[in-house]
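So the chains spell out like this:
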Amino acid sequence: MSNVKKKVVVGLSGGVDSSVTAYLLKEQGYEVIGLFMKNWHDDSVTISDECPWLEDSNDALIVADKLGIPFQTVDLSKEYKERIVDYMFKEYEMGRTPNPDVLCNREIKFDVFLKIALDLGADYVATGHYCRKASFLNNEGEEIHQLLAGIDNNKDQSYFLCQLSQSQLAKTLFPIGHLTKPEVREIAAANNLITADKKDSQGLCFIGKVRLPDFLQQKLKPKKGVIVEVPQEAAHYKNNVPEFTSKQEELMFKAKKPHYSVTDGKIVGEHNGAHYFTIGQRKGLDVGGTKEPLFVVDTDVVENVIYTGQGKNHPGLYRNTLFVNETEMHWVREDLKLAIDETMTVSARIRYRQPLQEATLYRVTGGLFVDFKVPQSAITEGQFVAWYQGEELIGSGVIS
């Protein structure tokens, strides 16, 4: 199938990955259009000596010019605020820790942006993500799309795309998924693209470098509360495992987090808002004098208390099992969806960059348990768990 006359809109971000994406598609004969998404206006919370979007859109323009492709900027800040920023505030307020990057892909890049591209007459959108897509026909002759990990283990970004659907994948190309980061930089340098040596962007998807507490404080008011240190020998961690009458009962028991109260430990400091902290966090507690650093093991946004434990091996940080609500469960491969009472052996991760872990999925009424073979550190509500078979990401869900 010839690519000539096939139109692709590339999300040109001003980084090296999307620059090379546009270059490769042009080489492959596609008609390429570069689009820069401006998603953020409020510079009061960004670390201001870097005005990221101005510099980035300028770099994107220079790249488009060099490649001889049309370029335009679209302002999506209204959608971004409604779908990402407001959602983040709401989640933090409830004491959950959202993942804006996953959301941003589902809601902005592969929804709002995709619609703009299709309105421009595009056949596909393309992004500089390190992941791959494959497709095959099933027995009924329907095309099934697969989301595969990127070849570069250091950079595989399939996790961030764990909420994509078949219809989104059908319209998407990932031209650099079979390359490593150094190879991408080499291609950029060989073709004199200005972004060849540009360092990778850090911080919130599209907002740039943001001081998260400052960002959250716009909406979530600071309020003083106490920091409690829970000792390793607390009663919560004594394994008084009851007799279970069913597997589901056992999973419910294992997925339950301990319920702490202030009397479970000693007060070691103060904080200015439990909703600014997340499980597993070490920075920002400002409590000295402990033998090992303190880690957040739980936050209580109702009572405004942060519970901590010493050292990264504190038992309060570890659990084997998590639950995903039915309403927050997503299958990239809908044809592999589990029915009630079915199970599946998978590899899973609960955060980007985490090596895949062996786990079993148990589908029950109301949702799904993910039961890991070994205990996982800092299972955090509001984050995404993604499950794989081999190198294929087949589904994901929000940790509840």
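This structure is a prediction, so every number in the text was calculated from the model and none was measured.

Asks: Pulling in residues and values, what's your account of the environment of L118?
Replies: Residue position: L118 is located in helix α4 (residues 100-119). According to the relative accessible area criterion, L118 is partly exposed, its value standing at 34%. Separated by 27 residues in sequence, L118 and H145 place their C-alpha atoms 19 Å apart.

Asks: Pulling in residues and values, what's your account of the nonpolar core?
Replies: Residues I108, L147 and F174 are the most contacted members of the largest nonpolar core, which totals 53 residues. Sort the elements by how many residues they give to this core and α4 lands first, with nine residues. The contacts of L147, once residues within four sequence positions are left out, are C131, R132, S158, L161, L169, F174, V332, E391, E392 and L393. Core analysis: the second largest hydrophobic core is formed by 27 residues, Y23, L24, Y30 and A188 among them.

Asks: Break down the sheet that holds strand β8 (residues 225-229) for me, citing the residues and quoting the values.
Replies: The four strands lie next to each other as β9-β8-β11-β10, forming an open sheet whose pairing is mixed. Whereas interior strands pair on both sides, the edge strands pair on one side only; in this sheet they are β9 (266-271) and β10 (294-300). Adjacent strand axes in the sheet meet at a mean angle of 30° when their direction is disregarded. In this structure, β8 lies alongside strand β11 (residues 305-310), joined through four bridges in parallel fashion. Opposite V228, over in β11, you have Y307 as the bridge partner.

Asks: Mind laying out the pairing of strand β13 (residues 343-349), listing which residues take part and the relevant values?
Replies: Across six bridges, β13 lies against strand β14 (residues 357-364) in antiparallel orientation. Each bridged residue has a counterpart across the sheet, and for A348 the counterpart in β14 is Q357. Across three bridges, the pairing between β13 and strand β16 (residues 384-389) is antiparallel. Residue pairing in the sheet places S347 in a bridge with Y388 of β16.

Asks: Lay out the pattern of salt bridges in plain terms, naming residues and giving numbers.
Replies: Per the counting criterion, the structure on display carries 25 salt bridges. We note a salt bridge from E328 to R96, for which the minimum N-O separation is 3.1 Å. Placement of E328 in strand β12 (residues 318-331) and of R96 in the loop between α3 (77-93) and α4 is noted, with a sequence separation of 232 residues between them. On the basis of relative accessibility, which here comes to 24%, the residue E328 falls in the partly exposed class.

Asks: For the pairing of strand β17 (residues 392-399), give the residues involved together with the corresponding values.
Replies: Counted residue by residue, β17 has eight buried out of eight residues, so it is predominantly covered. Sheet topology note: the β12/β17 ladder contains four bridges and is antiparallel. What sits directly across from W331, in β17, is G395. As paired strands, β16 and β17 are joined by six bridges and run antiparallel to one another. When the bridges of β17 are listed, Q389 appears paired with E392. Between β16 and β17, which follow one another and run antiparallel, lie two residues, and G390 among them has a positive phi close to 60°.

Asks: With reference to specific residues and values, describe the packing of helix α1 (residues 16-27) against helix α6 (residues 181-190).
Replies: Close contact between α1 and α6 brings their axes to 9 Å; oriented N to C, the two are set at 65°. By crossing handedness, the relation of α1 to α6 is classed as left-handed. From α1, V16, D17, V20, Y23 and L24 reach across to α6, where they touch K181, V184, R185, I187 and A188. When grouped by side-chain class, the residues that make up the contact of α1 with α6 number seven nonpolar, no polar and three charged.

Asks: Just give me the short version of the side chain of D111, but keep the residues and values in it.
Replies: By the secondary structure assignment, D111 is in helix α4. On the accessibility criterion, D111 (18% relative accessible area) is buried. A polar atom in the side chain of D111 sits 2.5 Å from the side chain of R83. Each residue touching D111, except ones within four places of it in the same chain, is listed here: R83, R106 and Q168.

Asks: How would you explain the packing of aromatic side chains if you had to name every residue and give the values?
Replies: Tallied over the full model, the rule gives seven aromatic pairs. Here W331 and W387 contribute two aromatic rings whose centre-to-centre distance is 5.4 Å and whose plane-to-plane angle is 65°, an arrangement assigned as edge-to-face. Taken as a pair, W331 in strand β12 and W387 in strand β16 lie far apart in primary sequence, 56 residues in all. Three or more aromatic residues joined by ring pairs form one cluster here, namely Y159, F160 and Y352.

Asks: Which residues make up the environment of A149, and what values go with them?
Replies: Relative to the assigned elements, A149 resides in strand β6 (residues 143-149). Taking the relative accessible area as the measure of exposure, A149 reaches 12% and is therefore buried. Remark: the alpha-carbon pair of A149 and V301, spanning 152 residues in sequence, is separated by 36 Å. Excluding anything up to four places from it in sequence, A149 contacts C131, R132, D156, S158 and E391.

Asks: Before we move on, can you summarise the side chain of Q166 with the specific residues and values?
Replies: Relative to the helices and strands, Q166 resides in helix α5 (residues 166-170). Polar side-chain contacts of Q166 include one of 2.8 Å to the backbone nitrogen of H145. If we skip the residues at most four places from it in the chain, Q166 touches E143, I144, H145, V332, R333 and E334.

The rules behind each value
Residues numbered from 1 in each chain as written. Predicted model: local features only at pLDDT ≥ 70, side-chain atom pairs only at ≥ 80, totals over all residues. Heavy atoms only, no water. Helix = DSSP H or I, 4+ residues; strand = E, 2+ residues; numbered from the N terminus. Buried < 20%, exposed > 50% of the residue type's maximum accessible area, 1.4 Å probe, protein only. Core = buried A, V, L, I, M, F, W, Y, C linked by side-chain atoms within 4.5 Å. Contact = heavy atoms within 4.5 Å. Pairing = 2+ DSSP bridges. Axes fitted to C-alpha atoms, helices over the stretch in contact; angles between N-to-C directions. Salt bridge = Lys/Arg side-chain N within 4 Å of Asp/Glu carboxyl O. Left-handed = near helix turned anticlockwise from the far one by under 90°. Nonpolar A, V, L, I, M, F, W, Y, C, P; charged D, E, K, R; others polar. Polar contact = N/O pair within 3.5 Å; in protein donor to acceptor, adjacent residues only side chain to side chain. Phe/Tyr/Trp six-rings, centres within 6.5 Å; stacked < 30°, edge-to-face > 60°.

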